[in-house]
Each structure stands twice: as structure tokens, then as C-alpha cells.
Amino acid sequence: MSKKLIEQEILEQHAYNLLAERGVSIEEIATIVYELQAPYVKDLTMEECIHNLKMVMKKREVQNAVITGIEIDIAAEKGVFSPTLSDLLMRDEGLYGIDEILVLSIVNVYGSIGMTNFGYVDKIKPGIIGELNSQKGEKCNTFIDDVVGALAAAAASRIAHSQTK
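- The protein chain appears in an unreviewed UniProt entry as Phosphatidylglycerophosphatase A from Globicatella sulfidifaciens DSM 15739.

This is how it looks when you write it as C-alpha cells:
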């Protein structure tokens with residue numbers, strides 16, 4: 001096995017591990033994917049949603065964004081940053097938009113539909129996204145709620161792209 005393939009597998013597994021450590025399951029994200037696409041895709045199954053989510057997670061730029069975002073949240077909780085930045089991150093300051101900018105690397109993989117799906121889930125905060133967002137002050141979830149939303153949006157977009165009329 002090549003070093004590049006091993007590194008890819010390590011990155012992918014690390015991204016999955018970080019999501020799990022922060023209390024996010026693939027099934028919870030797939031539920032959001034299902035809710036986004038079920039009105040448009042006849043006979044959509046959770047298995048298809050999970051499959052498409054896993055395919056999104058195989059992309060290097062997705063893995064990089066997941067790892068970077070979640071590790072920034074963890075570092076903020078540990079007080080690694082200046083008091084000013086730590087405060088912004090711990091409060092998930094409304095005008096701090098770097099979290100949304102980071103995850104554009106996930107949604108942009110699937111074009112404009114990825115962007116519109118992300119805007120929608122970022123606004124309504126369904127399922128685990130809302131749960132993560134409600135933990136402000138307890139934990140730093142500034143990045144992970146957007147990471148999860150972007151993963152769901154990208155997987156939903158992947159499903160939409162696969163549909164033929």
C-alpha cells in the first residue's frame with residue numbers, strides 16, 4: 001500500500017474519530033441528508049444517505065476542513081488562543097464568520113446546490129446541528145455545527161446531482 005493511500009486513510013479515520021468524540025454520529029448527519037432530499041427523491045433510504053455521506057468524507061478537502069474545524073473548537077476549549085479569540089469562539093460570536101468560510105471548502109465540491117443546501121441548514125439548524133448550537137458556553141461548537149451542516153449539505157447535493165429527470 002502506498003504512503004499516500006495510508007495517509008488518506010489516516011486522515012479519513014481521524015475525521016470520523018473527531019466527529020464521534022464530539023458526540024456526532026454519521027447516522028445523525030444522514031438523517032439531515034434524508035430530510036433534505038426525501039421530498040425530491042422517490043424511495044430514498046437512509047442507507048443511500050449514509051453511503052453518500054461516506055463518499056463525501058472520502059474527499060481530502062473535506063477531511064481537512066473537518067479536522068481543522070473540530071480541532072479549533074477543541075483548542076478554544078483548552079484556552080490555547082488569546083483571551084479575545086477564545087471568547088469569540090466560546091460564545092460563537094454572531095459576526096465571527098470564519099467557521100462558515102472554512103466549510104465552504106466542503107460545500108463547494110458540489111456546486112451551487114451545495115451552497116444553497118448549506119445556507120438552508122445553517123439557518124434552520126435541524127437535528128444534531130441545533131443540539132450542537134444550543135451548547136454555547138458549555139462547549140465550543142463554533143466550527144463543528146457548521147462542519148456537520150456542510151457535510152449534510154454536500155451529501156444531499158451529491159444525491160441531487162445523481163438524479164436524472
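From this point, the discussion proceeds with the structure in view.
**Regarding the overall build of the protein chain**
So, step 1. Check the secondary structure of the protein chain and you find nine helices and zero strands.
So, step 2. Along its sequence from the N terminus, the protein chain presents helices and strands in the succession α-α-α-α-α-α-α-α-α.
So, step 3. For the protein chain, whose C-alpha radius of gyration is 16 Å, the value lies close to the compact-globule estimate of 15 Å for 165 residues.
So, step 4. Along the first, second and third principal axes, the C-alpha atoms of the protein chain reach 55 × 45 × 25 Å.
So, step 5. The buried share among the 165 residues of the protein chain stands at 44%.

**Some points on empty space enclosed by the protein**
So, step 1. For the coordinates displayed, the defined rule picks out one cavity of 30 Å³ or more.
So, step 2. Its volume calculated, the largest cavity comes out at about 40 Å³.
So, step 3. Lining the largest cavity we find Leu89, Met90, Asp92, Leu132, Asn133, Gln135, Lys136, Lys139, Asn141 and Thr142.
So, step 4. Here the lining of the largest cavity is composed, by residue class, of three nonpolar, four polar and three charged.

**Remarks on the nonpolar core**
So, step 1. Core analysis: the biggest nonpolar cluster contains 45 residues, and Leu19, Val66, Ile106, Val148 and Leu151 have the highest contact counts within it.
So, step 2. Of all the secondary-structure elements, those providing two or more residues to this core are α1 (3–21), α2 (26–37), α3 (46–57), α4 (60–77), α6 (98–107), α7 (111–124), α8 (127–133) and α9 (144–162).
So, step 3. Counting residues per element, this core draws most heavily on α9, at 11 residues.
So, step 4. Those residues in contact with Leu19, other than ones at most four positions away along the chain, are Val24, Ile26, Ile29, Met57, Val66, Ile70, Ile144, Val148 and Leu151.

**Digging into the environment of Asn64**
So, step 1. With respect to the helices and strands, the residue Asn64 is situated in helix α4.
So, step 2. Residues Asn64 and Gly137 lie 73 residues apart in sequence; the distance between their C-alpha atoms is 26 Å.

**Concerning the UniProt feature "domain: YutG/PgpA" (unreviewed entry) in the protein chain**
So, step 1. Under the present numbering, the feature "domain: YutG/PgpA" (unreviewed entry) in UniProt falls on residues 29–161.
So, step 2. Its end C-alpha atoms 19 Å apart, residues 29–161 is made of 73% helix and 0% strand.

About the cut-offs
Per chain, residues are indexed from 1 in the order of the written sequence. In keeping with the model being predicted, local features are shown solely for residues with a pLDDT of at least 70 and side-chain atom pairs are shown and tallied solely at 80 or more, while totals for entire chains, interfaces and linings include all residues. Working from all heavy atoms in the structure, the side-chain values ignore hydrogens and water. Put simply, DSSP marks the helices as runs of H or I at least four residues long and the strands as runs of E at least two long, and each gets a number from the N terminus on. Computation of the radius of gyration draws on C-alpha atoms alone. For the globule rule, the value is 2.2 Å times the number of residues to the power 0.38. Buried residues are those whose accessible area, probed at 1.4 Å on protein chains only, stays under 20% of the maximum for their type, while exposed residues exceed 50% and partly exposed ones sit between those limits. In this analysis the probe radius is 1.4 Å and the grid spacing 1 Å, with only protein atoms considered; a cavity is a set of points the probe fits into but cannot get out of, a pocket is an open set with protein on both sides within 12 Å along at least five of seven lines, and lining residues have an atom within 4 Å of a point. Grid points are joined across faces, edges and corners, and a volume is the space filled by probe spheres set on the points. Gly falls in the polar group here, along with every residue not listed as nonpolar (Ala, Val, Leu, Ile, Met, Phe, Trp, Tyr, Cys, Pro) or charged (Asp, Glu, Lys, Arg). Residues belong to one nonpolar core when they are buried, are Ala, Val, Leu, Ile, Met, Phe, Trp, Tyr or Cys, and are joined through side-chain atoms within 4.5 Å. Contacts are assigned to residue pairs that have any heavy atoms within 4.5 Å of one another. UniProt positions are given in the numbering used here, feature names are shortened, and annotations may be inferred rather than shown by experiment.

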